[in-house]
Amino acid sequence: MPKRVDHEERRTQIAEALVRVAGRRGLHAVGMRDVAAEAGVSLRLVQYYFETKEKLLLYGLQHLTDRFTARVGARLRAAGPDPGPRATAEALLLAALPTDEESRTFHLLYSSYAILSVTDEALAAQPFIDNPDAAEDALTGLIRHAQDSALADPGVDARTEAISLLAMSATLGTSILVGQRDPDAATGVLRHHLDRIFTPPAG
């Protein structure tokens, strides 16, 4: 009796191969043939599951995002049963900093995908921007919740602060990748700004 193929498992296997080879060579230099070789499968099989390089890259990005979500969840569990909005925001932002091999790959490939989509119409047609919007909405909600609970400065604009924190996290991540500063210094900057926002009003 022929072995039943788990298609989702096979797609994940191919996506993980994409992440590994792109982490070594850069997303721009990766072709479907490279991914097939890394995964130990035929090019025809990769094409069967993804049809085009753009669809493969989008799936790989979603795979990275799922892994990032798991990292955030692990940080939150480590913070206790009720971490609160400040600790939740910190977990979200610090998980994206490239402090180990997995987070380095996440930051590198996510940034590369954004840059490539600027000049590649096929990539630009993919729904890349959905996940950044979700992170912005989540942070905005956390800040507003903290304000409603008197756990944050009521005078700050939650949406503007969320945008600023995400932009800061992305730029700090790049500064780590290029060796401008180390992870501890970048973490200190983010925590400084979180402390400024999530400071209860005096009295």
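As the structure is a prediction and not an experimental result, all values here were calculated from the model.

Student: Describe the overall build of the protein, listing the residues and the values that go with them.
Tutor: The helix and strand tally for the protein stands at ten helices and zero strands. Written out in order from the N terminus, the α and β elements of the protein read α-α-α-α-α-α-α-α-α-α. Judged by the C-alpha coordinates and their principal axes, the protein covers about 70 × 40 × 30 Å. Counting only residues that meet the buried cut, the protein has 39% of its 203 residues in that class. Restricting to contacts in the protein with at least 6 residues of sequence separation, those with at least 24 account for 64%. When the 22 positive and 27 negative side-chain charges of the protein are each reduced to one mean point, those points stand 7 Å apart.

Student: Could you give me a rundown of the packing of helix 5 (residues 84-95) against helix 10 (residues 183-197), with the residues and numbers involved?
Tutor: The geometry of helix 5 relative to helix 10 is characterised by a closest axis approach of 11 Å and an angle of 150° between their N-to-C directions. Considered as vectors, helix 5 and helix 10 are oriented roughly antiparallel to each other. In this structure, helix 5 crosses over helix 10, and the sense of that crossing is right-handed. Of helix 10, the residues touching helix 5 (which contributes Arg86, Ala89, Glu90, Leu93 and Leu94) are Thr187, Leu190, Arg191, Leu194 and Asp195. A class-by-class count of the residues in the contact of helix 5 with helix 10 yields five nonpolar, one polar and four charged.

Student: Break down the pattern of salt bridges for me, citing the residues and quoting the values.
Tutor: Taken as a whole, this structure holds 13 salt bridges when the rule is applied. For the salt bridge of Arg25 with Asp34, the shortest nitrogen-to-oxygen distance reads 3.2 Å. Here Asp34 falls in the partly exposed class, since its relative accessible area comes to 25%. Here Glu90 makes a salt bridge to Arg86, at a shortest N to O gap of 2.4 Å. Residue Glu90 and its partner Arg86 are located together in helix 5, separated by four residues, close to a single helical turn. Given a relative accessible area of 22%, Arg86 falls into the partly exposed group. Connected through shared salt-bridge partners, Arg67, Arg71, Asp100 and Glu102 make up one network.

Student: If you had to explain helix 6 (residues 101-119) to someone new, which residues and values would you point to?
Tutor: With 19 residues, helix 6 extends 28 Å between its outermost C-alpha atoms, agreeing within 8% with the 27 Å of an ideal straight helix rising 1.5 Å per residue. Every buried residue of helix 6 is accounted for by Ser103, Thr105, Phe106, His107, Leu109, Tyr110, Ser112, Tyr113 and Ser117. Between a side-chain oxygen at the N-terminus of helix 6 and the backbone nitrogen of Glu102 the separation is 3.3 Å; the capping residue is Asp100.

Student: Any chance you could break down the side chain of Glu90 for me, citing the residues and the numbers?
Tutor: Assessed through its relative accessible area of 15%, Glu90 is described here as buried. Among the polar contacts made by the side chain of Glu90, one reaches the side chain of Arg86 at a distance of 2.4 Å. Here Arg191 takes part through its side chain, which lies 2.9 Å from a polar atom of the side chain of Glu90. Once you skip the residues sitting within four places of it in the chain, Glu90 turns out to touch Arg191 and Leu194.

Student: Could you give me a rundown of the nonpolar core, with the residues and numbers involved?
Tutor: Core analysis: the largest hydrophobic core is formed by 54 residues, its most contacted members being Val35, Val46, Phe50, Leu56, Leu139, Ile143 and Phe198. Not counting residues within four places of it along the chain, the set of residues in contact with Leu56 comprises Ile14, Leu18, Met32, Val35, Val46 and Phe50.

Definitions and limits used
- One numbering rule holds for all chains: residues counted from 1, following each sequence as written.
- Two thresholds apply to this predicted model, a pLDDT of at least 70 for residue-level local features and 80 or more for giving and counting side-chain atom pairs, whereas whole-chain, interface and lining totals are computed over all residues.
- Heavy atoms from the whole structure form the basis of all side-chain values; hydrogens and water molecules are not counted.
- Counting from the N terminus, the helices are the DSSP runs of H or I reaching at least four residues and the strands are the DSSP runs of E reaching at least two.
- The rule is simple: take the accessible area with a 1.4 Å probe, protein chains only, and divide by the maximum for that residue type; under 20% is buried, over 50% is exposed, in between is partly exposed.
- Every residue pair with non-hydrogen atoms within 4.5 Å of one another is taken to be in contact.
- The sign given to each residue is positive for Lys and Arg and negative for Asp and Glu; His and the chain ends receive no count.
- To locate a charge, take NZ of a lysine, CZ of an arginine, CG of an aspartate or CD of a glutamate.
- Where helices are involved, their axes are fitted lines through C-alpha atoms of the stretch in contact, as for all axes, and angles between N-to-C directions lie from 0 to 180°.
- Geometric relationships in this document are graded by angle, where less than 35 degrees denotes roughly parallel, more than 145 denotes roughly antiparallel, 65 to 115 denotes roughly perpendicular, and other angles denote oblique.
- Handedness of a crossing follows from how the near helix is turned relative to the far one, being left-handed for an anticlockwise turn of less than a right angle and right-handed for a clockwise one.
- When residues are sorted by character, Ala, Val, Leu, Ile, Met, Phe, Trp, Tyr, Cys and Pro go into the nonpolar class, Asp, Glu, Lys and Arg into the charged class, and all the rest, Gly among them, into the polar class.
- A carboxyl oxygen of Asp or Glu within 4 Å of a side-chain nitrogen of Lys or Arg is what we treat as a salt bridge.
- To estimate how far a helix should extend, the number of its residues minus one is multiplied by 1.5 Å.
- In protein, a polar contact means a hydrogen-donor-capable atom and an acceptor-capable atom, both N or O and within 3.5 Å, with residues adjacent in sequence counting only if both atoms are side-chain atoms; elsewhere, any N or O pair within 3.5 Å suffices.
- Here, the term nonpolar core denotes a set of buried Ala, Val, Leu, Ile, Met, Phe, Trp, Tyr and Cys residues that are joined through side-chain atoms within 4.5 Å.

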